[in-house]
Each structure stands twice: as C-alpha cells, then as structure tokens.
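Letter by letter, the chains look like this.
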Amino acid sequence: ELFFRGILLQVAWRATESAWLAVLVSALAFGAIHLSVPPSVLPLCTFGIVLGYVRLRYRSLAACVLIHMLFNARPIVLLLVAPEAA
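Residues numbered from 1 in each chain as written. Predicted model: local features only at pLDDT ≥ 70, side-chain atom pairs only at ≥ 80, totals over all residues. Heavy atoms only, no water.

## Description of the overall build of the chain
In plain terms, the rule: Helical segments are the DSSP runs of H or I of at least four residues, strand segments are the runs of E of at least two, and each set is numbered from the N terminus. The contact criterion used is simple: two residues touch if any of their non-hydrogen atoms lie within 4.5 Å.
Across its full length, the chain holds four helices and zero strands. Mapped in sequence order, the helices and strands of the chain form the string α-α-α-α. For the C-alpha atoms alone, the extent of the chain along its principal axes is close to 50 × 25 × 15 Å. A sequence separation of at least 24 residues applies to 47% of the contacts in the chain between residues at least 6 apart.

Pasting the structure below:
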C-alpha cells in the first residue's frame with residue numbers, strides 16, 4: 001500500500017493530472033505484480049481500484065492499509081474457523 005496508493009498513485013496523478021487515471025494506473029500495476037497467479041489479476045485490479053477510491057475519498061493511506069490487512073486476513077480466519085474447508 002505504501003508504494004501503490006502512497007507513491008505510485010501520487011506520481012501518476014501528477015503526471016496525468018487525472019485522479020481516476022492515476023487510480024487506474026496504480027490498480028493495474030497492483031494487479032500486474034500478482035501475475036504469478038493469473039486468475040487473481042482481474043479481481044486484484046478491481047480491489048486496487050477500490051483502494052484507490054478509498055485513498056482519494058478519505059485521503060487516508062491508513063484506511064487502505066487496514067482494508068488490505070483485513071482482505072489478506074480473510075483466508076486465515078476461514079482456515080481457523082473451518083479447517084475442513086481447506
């Protein structure tokens with residue numbers, strides 16, 4: 001999050017002078033780093049757009065970090081709650 005919504009989003013916003021184009025650039029880059037798991041790229045690009053919106057709407061990188069942490073914690077919680085599902 002520090003890189004994608006902190007640095008890259010700001011740099012892209014300055015370069016393009018468009019907040020939403022900057023969100024799209026950062027979201028596509030976020031999806032691209034997950035190319036090792038091809039089915040996850042599109043959903044993570046979408047997640048990147050949501051996080052970009054949160055960053056712009058609330059002007060809070062901390063909110064993005066928290067949402068991302070909760071998103072990443074989801075499979076761990078599911079594994080703890082229903083280990084037979086794994």
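Moving on from the coordinates now.
## Notes on unusual backbone geometry
As a reminder of what qualifies: Only protein chains enter the accessibility calculation, which uses a 1.4 Å probe. A residue is then buried if its area is under 20% of the maximum for its type, exposed if over 50%, and partly exposed in between.
Even without a glycine there, the phi angle at Glu17 is positive, about 60 degrees. Even without being a glycine, Arg59 presents a positive backbone phi close to 50 degrees. Note that Arg59 resides in the loop between α3 (41-58) and α4 (61-81). Residue Arg59 is classed as exposed on the basis of its relative accessible area, which comes to 64%.

## A few points about the state of the cysteines
This is how the line gets drawn: Pairs of cysteine sulfur atoms within 2.5 Å are identified as disulfides in what follows.
Applying the stated rule across the entire model yields zero disulfides. Cysteine Cys45 remains unbridged, with the sulfur of Cys64 as its closest cysteine sulfur at 16 Å. Take Cys45: its relative accessible area is 11%, and that puts it in the buried class. The exposure class of Cys64 is buried, given its relative accessible area of 0%.

## A short note on the side chain of Ser26
Checked against the element boundaries, Ser26 lands in helix α2 (residues 19-32). Ser26 gets classed as buried once you look at its relative accessible area, which sits at 0%. When residues no more than four places from it in sequence are discounted, the contact partners of Ser26 are Phe4, Arg5, Leu8 and Leu9.

## A look at the packing of aromatic side chains
Going by this rule: Any pair of Phe, Tyr and Trp rings, taking the six-membered ring for Trp, is counted once the centres come within 6.5 Å. Such a pair is stacked with planes under 30 degrees apart, edge-to-face with planes over 60 apart, and tilted for the rest. Our definition puts a charge over a ring when NZ of Lys or CZ of Arg is within 6 Å of the ring centre and also within 35 degrees of the ring normal.
This structure, assessed with the given rule, holds five aromatic pairs. Plain terms: the ring middles of Trp20 and Tyr53 are 6.1 Å apart, the flat faces sit at 15 degrees to each other, and that makes the pair stacked. With Trp20 in helix α2 and Tyr53 in helix α3, this residue pair connects regions lying 33 residues apart in the sequence. Residue classification places Tyr53 among the partly exposed residues on the basis of a relative accessible area of 39%. Between Phe30 and Phe47, the aromatic rings sit 6.4 Å apart at their centres with planes inclined by 50 degrees, giving tilted as the arrangement. Note that Phe30 is positioned in helix α2 and Phe47 in helix α3, a separation of 17 residues in sequence. Residues Phe30 and Phe47 agree in their burial class; the two are buried. Feature note: the residues Phe3, Phe4, Phe30, Phe47 and Phe71 constitute an aromatic cluster, connected by ring pairs. The ring of Phe30 has Arg5 sitting right over it, with the charged end atom 4.8 Å from the ring centre.

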